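In case you want the letters, here they are:
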Amino acid sequence: MNANIVLLPGDGIGPEVVGEARRVLDAVAERFGHRFNYTEHLLGGCAIDAHGTALPESTLAACRAADAVLLGAVGGPKWDDPQAKVRPEQGLLAIRAGLGLYANVRPVKAIPSLAALSPLKPERLKGVDFVVIRELTGGLYFGQPKGREQTPQGERAVDTLVYTDGEIRRIVRLAFQLAQKRRKLVTSIDKANVLESSRLWRKVAIEVGKEFPDVKLEHQLVDSAAMRLVTHAANFDVIVTENMFGDILTDEAAVLAGSLGLLPSASLGEGKRGLYEPIHGSAPDIAGKGIANPIGTILSAAMLLRHSLGLEREAHAVEAAVSAAIDDGQLTADLGTQRPLTTAQMGAAVRERLGREAAVARNFD
Ligand code: IPM
Ligand code: MG
C-alpha cells in the first residue's frame, strides 16, 4: 500500500523518538512491501520560533491532506513564560480540534518482565490490560469563557467545563464499540456528585448503554477511580472519561506499565485519519542526549498502522517485536536497567526483532 504520513517531531525529545519510530515504519514498509511517504512539519515551540504560532496553517493543511500523523511531543522551558501569549501546548490542542480528533485512545498493559520496576506490588499488576478513552476536544481545555482579568478584588481567572450531550454520546459510543471486542465492560468515570456536566455525562452514558445490552456499564467517581487504578487496575477493561480526568488518570496509569515512556496513544475522529503520539511529554531534562525511550512512539506507530492504514498484521508485528525486545532485557535508562540502551539502540533492537516477527507473519499467509 501507498500511504502519506505527516511527521510532527515537535520539541525536546520529540525528534529523537519520532526518528526511531520512522525507522521502524521504514522497516515495516520494506518487509511487508508497502510505500510510506513522509513529510515533516513544525508544531509547538519550534513552530513558535519559526512562525510565531504553535500551529502554522501549513502544518494543519498538510495534516488534513495526509492519511495519518505521527507526533513526538511539544513544549519546554524556553516557552514556559506564564505571561507568554503563545504556548506550544496550544498547538497540540488546536491540531486535535482542527482535525476533529475527539477520541484519545490510550491502552495500558502491565508487562510481566517489567513488574519489578513498578512501585506497586506484583500482585496488583497481574492481568492489568485496559484502554482509556479520553474525550479530547471538549471540557475544561476548550470551554469558553476562558481567561484572566483584573477586578477591584484582585486578579481573576476562569476556565469553563462544558459538554453537550452530542459530544458525550459519540465518545461513550466509541467506548462501548471497543468493549464489545474486548471483555465487555465499560467504566464511565465522572464527578457526578458535584459537577453538572458529569450528571449529564452519566445520563448520556446510561442511554448509550441501552444500545449495547451485551456490554456491562459501571460508573465511578474520579477520585475513587484514581485510587482503584492502583489498587484494582486489573478490574478495568474500557474506561471512558472527560478530557481533564483522562489526562490525569493516564499519567497515573503509566505507573502500571513501568514507565511513562512506554505508553502510546491514538487520537481519532470520524473517518480513518488519526494522530498518533506517545503519552509522555517533551522531557527537556534529557532532550538531545539520545537516551529517551522510543517505545511509546513506536507503539503509537503500530496504532497508526492498525487504525489509519488498516494494516493489522503489520501493527501486530511491531507490537510483538517491542514485547520481544523488552522480554530480552533490551531497555532504555527510564526502565531502571544497569546497562541502558540509547534511543537508537532501542529502535534497532525492535527492528531486528521485527525481521523475525515479519517472517513468522508471512509463514501464515
Ligand atoms: C497529553 C498532554 C497534553 C494534554 C498537553 C501537553 C496539552 O498532557 O497529551 O496528555 O493535556 O492533552
Ligand atoms: Mg497529559
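What you see is a predicted model; the values in this text were computed from it and never measured.

A. Highlighting the overall build of the protein. Helix and strand counts for the protein come out as 12 helices and 12 strands. Here the C-alpha atoms of the protein give a radius of gyration of 20 Å, agreeing with the 21 Å that 2.2 N^0.38 yields for 365 residues. Across its three principal directions, the C-alpha atoms of the protein cover 65 × 50 × 40 Å. Scored against the burial criterion, the 365 residues of the protein give a buried share of 50%. Across the protein, contacts joining residues at least 24 apart in sequence account for 75% of those joining residues at least 6 apart. Counting 42 positive and 44 negative side-chain charges, the protein places the averaged centre of each group 3 Å from the other.

B. Molecular detail of the domain arrangement of the protein. Domain boundaries in the protein define domain 1 (1-99 + 273-365) and domain 2 (106-270). Taken together, the contact between domain 1 and domain 2 spans 24 residues of the former and 24 residues of the latter. Summed over both partners, the interface of domain 1 with domain 2 comes to about 2,000 Å²; 65% of that surface belongs to carbon and sulfur atoms. Its largest share of buried area at the contact with domain 2, domain 1 owes to Arg-96, Ile-279 and Leu-335, together 33% of the area lost on that side. Linking domain 1 with domain 2 are zero salt bridges, by the criterion used here. At the boundary of domain 1 with domain 2, the tally comes to seven residue pairs in polar contact (both at pLDDT 80 or more). Of all the elements in the fold, those that place two or more residues in the side of domain 1 that touches domain 2 are α4 (88-98), β12 (274-278), α10 (295-307) and α11 (312-327). For the side of domain 1 that touches domain 2, the element with the most residues is α10, which contributes six residues. Residues belonging to the side of domain 1 that touches domain 2 are distributed by class as follows: 12 nonpolar, seven polar and five charged.

C. Expanded view of the site of ligand 1. Taken together, Glu-89, Leu-92, Arg-96, Arg-106, Arg-134, Tyr-141 and Asp-247 form the complete shell of residues around ligand 1. One of the side-chain N or O atoms of Asp-247 is found 2.8 Å from an oxygen atom in ligand 1. Taken by itself ligand 1 offers 320 Å² of open surface, and the protein chains cover 78% of this. Considering every element that reaches the shell around ligand 1, the biggest residue donor is α4, with three residues. Mapped onto the domain boundaries, the shell around ligand 1 takes at least three residues apiece from domain 1 (1-99 + 273-365) and domain 2 (106-270).

D. Just the nonpolar core, in detail. Among the nonpolar cores identified, the biggest contains 87 residues, and Phe-36, Phe-130, Val-172, Leu-256 and Leu-305 are the most heavily contacted of them. Looking at which domains feed residues into this core, each of domain 1 (1-99 + 273-365) and domain 2 (106-270) gives three or more. Residues in contact with Leu-256, not counting those within four places in the same chain, are Val-108, Ala-110, Leu-120, Leu-125, Val-128, Phe-130, Leu-229 and Ala-233. Counting residues in hydrophobic clusters, the runner-up holds 16 residues, among them Leu-60, Val-69, Leu-71 and Leu-92.

E. Representation of the side chain of Ser-300. Tracing the backbone through its elements, the reader meets Ser-300 in helix α10. Apart from residues no more than four positions distant in its own chain, Ser-300 is found in contact with Leu-70, Pro-264, Ser-265, Tyr-276, Glu-277 and Pro-278.

F. Here's a closer look at the packing of helix α1 (residues 14-32) against α10. Between α1 and α10, whose axes approach to 8 Å, the crossing angle comes to 45°. By the criterion of interaxial angle, the relationship of α1 to α10 is oblique. The chirality of how α1 crosses α10 is right-handed. Judged by residue contacts, Val-17, Val-18, Glu-20, Ala-21, Val-24, Leu-25 and Val-28 of α1 engage Thr-297, Ile-298, Ala-301 and Leu-305 from α10.

G. Examining the pairing of strand β5 (residues 129-135) more closely. In terms of residue burial, β5 counts as a mostly covered element, since six of its seven residues are buried. Here strand β4 (residues 103-109) pairs with β5 via seven bridges, running antiparallel. Looking at β5, one finds that Lys-109 is bridged to Asp-129. As paired elements, β5 and strand β10 (residues 238-241) share four bridges and run parallel to each other. By the bridge assignment, Arg-134 is partnered in β10 with Thr-241.

H. Main features of the environment of Arg-202. Position of Arg-202 among the secondary structure elements: in helix α7 (residues 196-210). In this structure Arg-202 comes out as partly exposed when scored by relative accessible area, which is 25%. What Arg-202 contacts, discounting residues up to four positions off in sequence, is Asp-190, Ala-192, His-219, Gln-220 and Leu-221.

I. Spatial organisation of unusual backbone geometry. For the bond from Gln-144 to Pro-145, the omega torsion is 0°, close enough to zero to count as cis. Positioned with a positive phi, Lys-184 is a non-glycine residue whose angle comes to about 65°. One can find Lys-184 in the loop between α6 (165-180) and β8 (185-190). Relative accessible area serves as the criterion here: at 33%, Lys-184 is assigned to the partly exposed category. For Ala-283, which is not glycine, the phi torsion reads 40° and is therefore positive. Classification of Ala-283 by relative accessible area gives partly exposed; the value is 22%.

Rules used throughout
- Residues numbered from 1 in each chain as written.
- Chains lettered and ligands numbered in written order.
- Predicted model: local features only at pLDDT ≥ 70, side-chain atom pairs only at ≥ 80, totals over all residues.
- Heavy atoms only, no water.
- Helix = DSSP H or I, 4+ residues; strand = E, 2+ residues; numbered from the N terminus.
- Rg over C-alpha atoms; globule rule 2.2 N^0.38 Å.
- Buried < 20%, exposed > 50% of the residue type's maximum accessible area, 1.4 Å probe, protein only.
- Contact = heavy atoms within 4.5 Å.
- Lys, Arg positive; Asp, Glu negative; His and termini not counted.
- Charge placed at Lys NZ, Arg CZ, Asp CG, Glu CD.
- Domains from an automatic or database assignment.
- Buried area = accessible area lost by both parts, 1.4 Å probe.
- Salt bridge = Lys/Arg side-chain N within 4 Å of Asp/Glu carboxyl O.
- Polar contact = N/O pair within 3.5 Å; in protein donor to acceptor, adjacent residues only side chain to side chain.
- Nonpolar A, V, L, I, M, F, W, Y, C, P; charged D, E, K, R; others polar.
- Near = heavy atom within 4 Å.
- Areas by Shrake-Rupley, 256 points an atom, 1.4 Å probe, with all protein chains shown as cover.
- Core = buried A, V, L, I, M, F, W, Y, C linked by side-chain atoms within 4.5 Å.
- Axes fitted to C-alpha atoms, helices over the stretch in contact; angles between N-to-C directions.
- Parallel < 35°, antiparallel > 145°, perpendicular 65-115°, else oblique.
- Left-handed = near helix turned anticlockwise from the far one by under 90°.
- Pairing = 2+ DSSP bridges.

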